Structures are given as C-alpha cells and as structure tokens.
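Here is how the chains run, residue by residue.
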Amino acid sequence: MNRKISAFYFSATGTTKKITEKLALEISAGAGQNSWEIIDFTLPEARKKQYSFTEDDIVVVGVPVIAGRVPNVLLKFLNTVKGNKATAVAIVMYGNRNYDDALKELWDILNEDGFNVLCGCAFIGEHSFSDTLAMNRPDEEDMNTAADFAAKIIKIINEEPKINAVNEYKVIEKVYRDYYKPKDREGNPVDFRKITPKTGDSCTDCKICAEVCPMGSIDYDNVSTLNGICIKCCACIKKCPVHAKYFDDENFVKHKIELEEENEARKLPEFFLIM
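Residues numbered from 1 in each chain as written. Predicted model: local features only at pLDDT ≥ 70, side-chain atom pairs only at ≥ 80, totals over all residues. Heavy atoms only, no water.

Caption draft 1: Local environment of unusual backbone geometry. The omega torsion of the bond from R137 to P138 falls at 5°, within 30 degrees of zero and hence cis. With respect to the element layout, P138 can be found in the loop between β5 (116-124) and α4 (140-157). Phi is positive for N96, close to 75°, though the residue is something other than glycine. Residue position: N96 is located in the loop between β4 (87-94) and α3 (102-112). With phi around 55°, H243 is a residue other than glycine that occupies positive phi space. Mapped onto the elements, H243 comes out in the loop between α6 (235-238) and β8 (245-246). (Helix = DSSP H or I, 4+ residues; strand = E, 2+ residues; numbered from the N terminus.)

Caption draft 2: Representation of the pairing of strand β1 (residues 5-9). Burial of β1 is extensive: five of the five residues sit out of reach of the surface. Note: β1 against strand β3 (residues 58-64), five bridges, orientation parallel. Its bridge partner lying in β3, F8 is registered against V61. Between β1 and its parallel partner strand β2 (residues 37-40), the chain crosses via helix α1 (residues 15-30), and the hand of that crossover is right-handed. (Buried < 20%, exposed > 50% of the residue type's maximum accessible area, 1.4 Å probe, protein only. Pairing = 2+ DSSP bridges. Right-handed = clockwise from strand over helix to strand, strands pointing away.)

Caption draft 3: Broad picture of the state of the cysteines. A complete count under the given rule lists zero disulfides for this structure. You can see C121 has no disulfide; the closest cysteine sulfur is in C119, sitting 5.2 Å from it. With no disulfide of its own, C236 lies closest to C230 among cysteine sulfurs, the gap being 6.3 Å. (Disulfide = S-S within 2.5 Å.)

Caption draft 4: Local environment of the packing of aromatic side chains. One pass over the full model with this rule turns up 14 aromatic pairs. Pairing F8 with F77 gives two aromatic rings, centres 6.3 Å apart and planes at 40°, and the pair type is tilted. Of the two residues, F8 is situated in strand β1 and F77 in helix α2 (residues 75-78); the sequence distance between them amounts to 69 residues. A residue is classified by how much of its surface remains accessible, and F8, at 1% relative accessible area, is buried. An aromatic cluster of three or more residues is present, and its members are F8, F10, F41, Y51, F53, F77 and F115. Across from the ring centre of Y179, 4.3 Å away, lies the NZ or CZ of R69, which sits over that ring. Across the ring face of Y220, the terminal group of K207 is positioned such that the distance to the ring centre comes to 5.1 Å. (Phe/Tyr/Trp six-rings, centres within 6.5 Å; stacked < 30°, edge-to-face > 60°. Lys NZ or Arg CZ within 6 Å of the ring centre and 35° of its normal.)

Caption draft 5: Highlighting the nonpolar core. In this structure, F8, F41, F53, V92 and F115 are the most contacted members of the largest nonpolar core, which totals 46 residues. For this core, the secondary structure elements donating two or more residues are β3, α2, β4, α3, β5, α5 (208-212) and α6. Tallying contributions element by element places α3 first for this core, with six residues. Excluding anything up to four places from it in sequence, V92 contacts V63, V65, Y99, A102, L103, L106, C121, A122 and F123. Membership of the second largest hydrophobic core comes to 26 residues, among which are I19, I91, L118 and F271. (Core = buried A, V, L, I, M, F, W, Y, C linked by side-chain atoms within 4.5 Å. Contact = heavy atoms within 4.5 Å.)

By themselves these figures say nothing about function.
Take a look at the structure:
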C-alpha cells in the first residue's frame, strides 16, 4: 500500500488532535510509509480554505462532540470538503458522558462529501468543562487502543478477512436525536449559547486566549470582550497560563458538577466497521 495519509481535524483543547494524529501515524507506520500530512482546521483561517482529496488518499477525520452531535458551527465548512472517493476513518471525541448521534452524523457528512467511510471510532478526552472529568485523557491506555484500532484498519484496507471484536455500525436513516440539553434546578432545558467566559484580574493580557479561540471571537485588543459566538470549547480557559478565564453562570456551574458526579466511571473507546 502506498497511499497519501492525512490527519484532518478540529481540536480546540488538543484531545481530538492526539487521537487523530496517533491513528494517522500508526496507519502510516503499519503501511510501511514514513510520512503523513496534518490538516488542522481548528482556527478560522484554516476553514476558509478548500480541501479536496483523491481516491488514493486515506483521511483520518476527527471532530469533538458538542451536545451529542458534530459541532453545528463546523457543518458549513465540512460540507465544502471534497472526498472524491478517498477512504475515510471517522473519529468523534467526547468527554465521558455520551457521543449520542455524533458518529452517525459525521459518517453521513463524510459520505455526502464523497468519501468512502471505512470505519468509525469514538474516543474519550478530558471534558472541556472540567479538569477532573476524564482527566488527562486520552491517556496511555487510550493511545494503545488507538494503535490497536490502526492495526485493524490496516487489515481491513488490505482486504483481509473481517476480524473479530469489530462492531457493525449500520446507518439506516438520517434521523438524529436533538442536541443534548442541560437542565436547571426545576428540570427545564437551559440554553447555554449566550453564556460567555469571564476574565479575572489575574489576566496578563498575553493574548493566548484570542489566538486559540476557534471562532475568532475573543477581541485581540481587549481579551475580556467577545465579538462573536462562544461554543463552550473552553480552549481559552484550559490554555490560559494564569487561569484568568472562567464561567460563573449558575446553570453552567451546576451542569459541570452534575457531569462530574454522574459520569465518573471510565468509558472505553469503541470501534465500528461501517457496513
């Protein structure tokens, strides 16, 4: 096998990046190839470009799960990508709650883009809202699992007999559950879209938050101001060197605590052969 291999991903806090690059690396190594390409479309400028692949390409596509689905802010961009019958490996990264219909949705998107989707994976990364929920994941065990999945992928690409321990993932209807909605103390759904991070007095105006915001929403000249939407990826919070960014909305904090308490048990990555 001598095919171009690409890691193609959105990764605001770096968890999706780790797994997508690991799979691309291991597939490349398993195929006896020394090189592979990274295409990181996390920042706004990268999503202004047109990406096109060929039938000879293998593209490992990674996105985070937000509210149980592919982030809706990526849909317009993803629909511009041209697969041209390239082989795709679909990856979704979730914060140990549930990936709901995100993998199914990503499969549909890639299929409509003209990719031949070979298989799908669901991995766990440290939750964007928390520094304790799935802390430090993907960890060494996850990375080893990614290497095992890559070995399966190589066997499938080489048209070896279907191997055991691979689930069939059949997409029958393009019908998704609604976006996951947190609830307030009375059990009513809460809309987090207008909640924005605050900036504390410890801010040194280093501009890192503005530079890493995947929506380009944090004002570079006044980092306490947002000029666009916030998708709650928490890149600004997790990458601030002095921990100056935070959320203090009552419902947001309540939801964060609930997530941590209700999803403490370690979930494991899953691998699906697309049928």
